[in-house]
Amino acid sequence: MKKIPCKCFAPASVANVAVGYDVLGFALEELGDEIIIREGKEKGLKIKTIRNRGKLSYDPLKNVAGFAALKMMEHLDIVDMPIEIDLNKNMPIGTGMGSSAASAVAGAFAVNAFLDWPCKMHEVLKCATMGEQLADGSWHADNVAPSLYGGFVLIRDNETLDVIGLPTIEGLRAVVIYPHVKVLTKDSRNILSNKVDLQSHIKQSGNLAAFVAAMYKSDIELLGRALEDIIIEPQRAALIPHFYQMKEAALSAGALGFSISGAGPSMFALCANSVIADNIEDAAKKLYKEEGKEVTVYNSKINLEGAKKY
Ligand code: HSE
C-alpha cells in the first residue's frame, strides 16, 4: 500500500440550519481542524501531539479524531499498520460549530489520504460519523457530512447516511456568533421533547421543502421565508444568553434568517451579501459588549470544498 505523509483539514459547520434538525448543515470557511499523518514507529495508531489540547485524550479510543481514524483502519483491515497523527485543534469545543465533527472528518479523511484514497467518500463519512457519535452519543451526520463534502448537505436518512449535496445561492454568507458559554450537545439534545404536534410538523416540513427549493431556484426571498424554526429553537433558546435580542438585531440588519447553530450556544445568520453580514457582525459585537459578555464572531462565505489535503 502506498503511503503519503500529509496534512489534512476539515472545516467547521453549522448544523440544523433552522429547518432541518439533524438533517441539514453547511460548511464554513477557514475555521476547522487539521491532522498531520505519517508513518509511525510502533504498531497501530498513535496520537503524537495535540495542539490546543484542552481535555482531549491521547487514547485513540477516547479521542474523536483518533477514533474516526481507527475506524478507517479497521474498515481497511490495517489496525496494526504503524501510523502517527498530530491533531491541530484549531477551534474551541462545545460551541455548536461542529468542532467534534471537524476532528472526526479530519481523522478519517487523513487515513484515506495517507493511503492514497483506497476508500470512497461515503466510507469516510461512515467512519467520521462514528467519531462524531463518540462525542455526543448519538448518530447524526448533519455536521460531519458538510465538513467532508462542503456546501449545504441534506441528510435524507441518517441511518444509511443517504446524503445529498445541495446547490448554494451565489454570494450567500454566514455570520456565526459564539457567546462564550458552554453548552454540551448531549445536554442540549436531552432537553428536547420527543413529541412534535401535527401543526408544527406541517409548518416545519413546508419550510424545509421551501429551503431546498430556494437553493435550486436560487431564490433568496424564498430562502428568507423558509428560514424559520418553530420546533427546536424555542426549546433551546434559553440556553443562549440574549438569543432573542440578537435575533432581532440580526433580522433588523437584513439577515435572511437567524437561528441556533447546531446544538448551540453559537447562533448563525444567513445573509444575501457581505455588507449585511458585516452589519450583523457589528451588531453582535455591540450587543454583547453592552451586556458585558464575551463573544466571538465568524463572518464566512459558504465553504464549497469541504475536507482537503494540503
Ligand atoms: N443536529 C445536532 C443537534 C447538531 O442539534 O443536536 C449538533 O451535533
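Our subject is the structure listed above.
Residues numbered from 1 in each chain as written. Predicted model: local features only at pLDDT ≥ 70, side-chain atom pairs only at ≥ 80, totals over all residues. Heavy atoms only, no water.

### Here we look at helix 1 (residues 64–75)
Here helix 1 spans 16 Å end to end across 12 residues, near enough to the 16 Å set by a 1.5 Å rise per residue. Of all 12 residues that make up helix 1, 10 are buried, and the element is covered over most of its length. When we look at burial in helix 1, the residues that qualify are Val64, Ala65, Gly66, Phe67, Ala68, Ala69, Leu70, Lys71, Met72 and Met73. Buried residues along helix 1 sit in contact with strand 2 (24–39), strand 3 (45–51), strand 4 (83–88), helix 2 (99–114) and helix 3 (121–136). Measuring from the backbone nitrogen of Ala65 back to the side-chain oxygen at the start of helix 1 gives 2.9 Å, which picks out Asn63 as the cap. Following helix 1 by one or two positions, Asp77 adopts a phi angle in the positive range, close to 60 degrees. (Helix = DSSP H or I, 4+ residues; strand = E, 2+ residues; numbered from the N terminus. Expected span 1.5 Å × (residues − 1). Buried < 20%, exposed > 50% of the residue type's maximum accessible area, 1.4 Å probe, protein only. Contact = heavy atoms within 4.5 Å. Polar contact = N/O pair within 3.5 Å; in protein donor to acceptor, adjacent residues only side chain to side chain.)

### Re the site of the ligand
Around the ligand, the surrounding shell holds 13 residues, and the nearest of these are Asn16, Asp22, Asp142, Arg189 and Arg236. In this structure, Asp22 approaches the ligand through a side-chain N or O atom, which is 2.5 Å from a nitrogen atom. Taking 260 Å² as the accessible area of the ligand by itself, protein coverage stands at 97%. Here the residues of the shell around the ligand are counted per class, giving three nonpolar, five polar and five charged. (Near = heavy atom within 4 Å. Areas by Shrake-Rupley, 256 points an atom, 1.4 Å probe, with all protein chains shown as cover. Nonpolar A, V, L, I, M, F, W, Y, C, P; charged D, E, K, R; others polar.)

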